[in-house]
Amino acid sequence: MTPFTVNDETKAMVMDNICYLLNNFIRCSEFKNIIFCWVMHEQWIIDELLSRLETGSCSVKLFSLTADAKALEDRLNKDIENGKRTKAGIQRSIDRIKMYDCLNTEKIDVSKISAKQAAEVISIKMLE
């Protein structure tokens, strides 16, 4: 579906799919670490996913990758230049920055670091 239609039915489908896939990864002994990356700007989204995951045999660490408004806008503009998104979401994304402060997650400010550096920070924190 392009573009993706956001409504109650499609949101429920996405949540079901995420939980199904993550639970399969959790049950598979071949995986030591599972890193799931998705925009979760409200605590209820995190809580809903966690309530449906079979986490008894694993440790769960929650991180929010955050950025200041300028860095976020710069990154979104690069995506626009590359045809990956439209300008319509820039202000909405910037307005949501403050929502991450309320999440029960460890925040990692990625405003001034690369994706590779962010992955390295996450790797270190996973060992803590």
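In case you missed it, the structure is sitting above this.
To start, this report covers the structure provided alongside it.

The rules behind the values
Chains are numbered independently. Their residues run from 1 in the order of the written sequence. Only residues with pLDDT of at least 70 get local features here, since the model is predicted, and only at 80 or more are side-chain atom pairs given and counted; chain-wide, interface and lining totals rely on the full set of residues. The basis for every side-chain value is the complete set of non-hydrogen atoms in the structure, without hydrogens or water. Here an axis means a line fitted to C-alpha atoms, over the contact stretch when the element is a helix, while the angle between two N-to-C directions is reported on a 0 to 180 degree scale. Only DSSP runs of H or I with at least four residues qualify as helices, and only runs of E with at least two residues qualify as strands; both kinds are numbered from the N terminus onward. To sort the angles, those under 35 degrees are grouped as roughly parallel, those over 145 as roughly antiparallel, those from 65 to 115 as roughly perpendicular, and the leftovers as oblique. Helix crossings fall into two classes, left-handed where the near helix is turned counterclockwise from the far one by less than a right angle and right-handed where it is turned clockwise. Residues are treated as being in contact if the distance between any of their heavy atoms lies within 4.5 Å. Each patch groups residues whose relative accessible area exceeds 30% and which form no salt bridge, using 9 Å between like charges and 5 Å between nonpolar side chains of Val, Leu, Ile, Met, Phe, Trp and Tyr. Using a 1.4 Å probe, accessible areas were evaluated by the Shrake-Rupley method; residue-level cover was limited to the displayed protein chains. One speaks of a salt bridge when a side-chain nitrogen belonging to Lys or Arg is within 4 Å of a carboxyl oxygen belonging to Asp or Glu. In this scheme, a residue with accessible area under 20% of its type's maximum is buried, one over 50% is exposed, and one in between is partly exposed, where area comes from a 1.4 Å probe on protein chains only. Multiplying 1.5 Å by the residue count of a helix minus one yields the expected span of that helix. We define a polar contact as two N or O atoms separated by no more than 3.5 Å, with the added condition that, inside protein, one atom must be a possible hydrogen donor and the other a possible acceptor, whereas residues neighbouring each other in sequence contribute only through side-chain atom pairs.

### Observations regarding the packing of helix H1 (residues 8-27) against helix H2 (residues 43-51)
Here H1 crosses H2 at 45°, and the two axes come no closer than 10 Å. Judged by the inter-axis angle, H1 sits oblique to H2. Read as a crossing pair, H1 and H2 show a hand that is right-handed. The segment H1 lies against H2, with Met-15, Ile-18 and Cys-19 engaging Ile-45, Glu-48 and Leu-49.

### Remarks on the side chain of Lys-125
By the secondary structure assignment, Lys-125 is in helix H5 (residues 115-127). With residues up to four places along the chain from it excluded, the contact list for Lys-125 reads Lys-61, Phe-63, Glu-106 and Ile-108.

### Considerations on a nonpolar patch on the surface
On the surface, a cluster of nonpolar side chains totalling about 490 Å² of accessible area is made up of Tyr-20, Leu-21, Phe-25, Phe-31 and Ile-34. Looking at where Phe-25 falls in the secondary structure, it is placed in helix H1. Phe-25 sits in the partly exposed class, given a relative accessible area of 34%.

### Quick notes on helix H3 (residues 69-81)
Between its first and last C-alpha, H3 extends 18 Å over 13 residues, near the 18 Å set by a 1.5 Å rise per residue. Those residues of H3 lying buried are Ala-71, Leu-72, Leu-76 and Asn-77. Those residues of H3 that are buried are in contact with helix H4 (90-96). Residue Asp-68 occupies the N-cap position of H3, its side-chain oxygen lying 3.3 Å from the main-chain nitrogen of Lys-70. Within two residues after H3, Gly-83 carries a phi angle of roughly 75°, on the positive side.

### Examining the pattern of salt bridges
What the rule picks out here adds up to six salt bridges. The closest approach of N and O atoms between Glu-54 and Arg-27, which form a salt bridge, is 2.8 Å. You can see Glu-54 sitting in the loop between H2 and strand E1 (63-66) and its partner Arg-27 sitting in helix H1, a full 27 residues away along the chain. Residue classification places Glu-54 among the partly exposed positions, given a relative accessible area of 40%. For the salt bridge of Lys-125 with Glu-106, the shortest nitrogen-to-oxygen distance reads 2.5 Å. Of this pair, Lys-125 sits in helix H5 while Glu-106 is found in strand E2 (residues 106-109), placing the two residues 19 residues apart along the sequence.

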